Amino acid sequence: MRIERINIYTTALPVKGGVYRMASDDVESLDSTLVEIVTNDGLTGWGETCPVGPVYQPHHALGARAAIAEIAPGLIGSEIASIRLLAKRMDERLNGHGYAKAAFDMAFLDLLGQRLGVPVSTLLGGALTDRVPAYYSLIVGSPEETARIAADKVKAGYPRLQVKIGGRDLEEDVATVHKVWEAVGYKARIAVDGNRGLTVASAIHLDRLCQAIPFVFEQPCNTMDEVATLKGRVTHPVYLDENTEDQNAVLRAISLGIADGFGFKVTRLGGLTKMTTVRDLCAIRSLPHSCDDAWGGDIIAAACVHLAATVEPRRMEGAWIAQEYIDGHFDRKNPVVIEKGHIAVPQRPGLGVKPEPGMFGKPVATY
Ligand code: 0XW
Ligand code: MG
């Protein structure tokens, strides 16, 4: 099975509700890039990469497409058999840019799964479950409104909430965390996500002012060095998200002992194959983590869920997919959906999702 053609598409994913607010940025519509690989035996494999705007992490949609343009011509004619060989070929075309390579890695695995008749979770080492937990991400908002939505989402079955804070007065952040805790208590696990927005001083204050509330503190400050200085000075467990820019960053954080867990993004880490390495490193040190991406439609959602199914459930912090913030699905027949706060793992060969034919219009590039 050889790569005959690669089509690149783009699609806009407007945010349901108008705006997705984080400490680092407000976003209103996300620009997703889709990779369709067509093989000589008529199979098609799909990949996707969709940064949540250009500010959240050092990725942007135009950057992804520029990187794809460097890589794609060098893949034509390649055999879809060894994922490692394909990764090497991509590295020979372009240094870095894992978030663009991630879309190809997804498409390779989608094709290999279809060819072998197995779901992608099997290619990632094997599923431990057929249903993974999701979590609900509450955007930066007023304490009252955030607590009201939190209670609703717990009632709807979400086992975990992520409360976004930062970019405003400490008083409002502290009040938000308290109100959410009063509203949901032990009924859901809570992560408080600063999205790099707090100074070390504010992070220490927030930690003290919310001392008795059992939450994990996600990416409170901008850099890994700042977060490292929190060790021993805050009582809440600290998780890294945006700072895990590649596998080496994860290795560094684990070996320095500065992260109690992670919010992983599949494309940021360079794709599903690279994620299996950090998944296994986390298993060695009993570190919990999520299997998310920053944004995306059904292709990315399926990728996150296949990977999440291979993580030991006691360390699985949930698969975040953008469904609650986008309208519709790429695959209306077999969409990836959250039901009662959980997501069924696709059982069909490959990723198990296929965009409706023609839904993205004409390709923006073909190789
Ligand atoms: C909740 N997310 C997975 C969605 C947005 O990309 C932000 C992100 C996070 O945890 O920071
Ligand atoms: Mg986060």
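Residues numbered from 1 in each chain as written. Chains lettered and ligands numbered in written order. Predicted model: local features only at pLDDT ≥ 70, side-chain atom pairs only at ≥ 80, totals over all residues. Heavy atoms only, no water.

The number of helices and strands found in the chain is eleven helices and 16 strands. For 367 residues, the compact-globule formula gives about 21 Å, and the C-alpha radius of gyration of the chain, at 20 Å, lands near that figure. In terms of overall dimensions, the chain has a C-alpha envelope of 60 × 40 × 35 Å along the principal axes. Considering the chain as a whole, with its 367 residues, one finds that 55% of them fall into the buried category. (Helix = DSSP H or I, 4+ residues; strand = E, 2+ residues; numbered from the N terminus. Rg over C-alpha atoms; globule rule 2.2 N^0.38 Å. Buried < 20%, exposed > 50% of the residue type's maximum accessible area, 1.4 Å probe, protein only.)

A positive phi angle, close to 60°, is found at H97, a residue other than glycine. Looking at the element boundaries, H97 is found in the loop between α2 (83-93) and α3 (98-116). Of note, the phi angle at Q219 is positive, near 35°, even though the residue is not glycine. By the secondary structure assignment, Q219 is in the loop between β10 (215-218) and α8 (224-228). Residue Q219 is classed as buried on the basis of its relative accessible area, which comes to 0%.

Counted according to the given criterion, the structure contains 23 salt bridges. Linking D152 and R148 is a salt bridge whose minimum nitrogen-to-oxygen distance equals 3.4 Å. One end of the pair, D152, and the other, R148, are both in helix α5 (residues 143-155), four residues apart, so they sit about a helical turn from each other. Since its relative accessible area comes to 36%, D152 is described here as partly exposed. (Salt bridge = Lys/Arg side-chain N within 4 Å of Asp/Glu carboxyl O.)

To continue, consider the site of ligand 1. Taken together, the neighbourhood of ligand 1 is formed by 17 residues, with Y56, Q162, N195, D241 and A294 sitting nearest. The backbone of A294 places a nitrogen or oxygen atom 2.6 Å from an oxygen atom of ligand 1. (Near = heavy atom within 4 Å. Polar contact = N/O pair within 3.5 Å; in protein donor to acceptor, adjacent residues only side chain to side chain.)

Attention now goes to the coordination of the magnesium ion (ligand 2). At 2.0 to 2.2 Å from the magnesium ion (ligand 2) lie its protein donor atoms, namely D193 (OD), E218 (OE) and D241 (OD). Mapping the donors of the magnesium ion (ligand 2) onto the primary sequence gives the spacing D-x24-E-x22-D. Taken together, the residues span a long stretch of sequence, with E218 in strand β10 and D241 in the loop between β11 (238-240) and α9 (247-256) at a distance of 23 residues. Residue E218 is classed as buried on the basis of its relative accessible area of 2%. (Donors = N, O, S within 2.8 Å, 3.2 Å for Na, K, Ca; no water.)

With that out of the way, let us pick up the environment of L86. The residue L86 is located in helix α2 in this model. Under the relative-accessibility criterion, L86 is labelled buried at 1%. Placed 108 residues apart in sequence, L86 and G194 show a C-alpha to C-alpha distance of 37 Å. Ignoring anything within four residues of it in the chain, the contact list for L86 reads L75, S78, E79, I80 and F108. (Contact = heavy atoms within 4.5 Å.)

Formed by 117 residues in total, the largest nonpolar core has its most connected members in F104, F108, F262 and W295. If we ignore the near neighbours within four places in the chain, the residues touching F262 are Y239, L240, T244, V250, A253, I254, C282, L287, P288, H289 and S290. (Core = buried A, V, L, I, M, F, W, Y, C linked by side-chain atoms within 4.5 Å.)

Relative to the helices and strands, N222 resides in the loop between β10 and α8. Exposure remark for N222: the relative accessible area of 32% places this residue in the partly exposed category. Separated by 26 residues in the primary sequence, N222 and R196 place their C-alpha atoms 4.0 Å from one another. When sequence neighbours within four positions are dropped, the list of residues in contact with N222 reads R196, L198 and N243. In this structure the side chain of N222 is engaged in a polar contact, spanning 2.7 Å, whose partner is the side chain of R196.

Further remarks concern the sheet that holds strand β14 (residues 338-339). If you trace the three strands from one edge of the open sheet to the other, you get β6-β15-β14, paired in antiparallel fashion. In the strand order of this sheet, the two ends are held by β6 (131-133) and β14, each with one partner. Judged from the two bridges that link them, β14 and strand β15 (residues 342-344) form a sheet pairing that is antiparallel. Its bridge partner being in β15, I338 is matched across the sheet by I343. (Pairing = 2+ DSSP bridges.)

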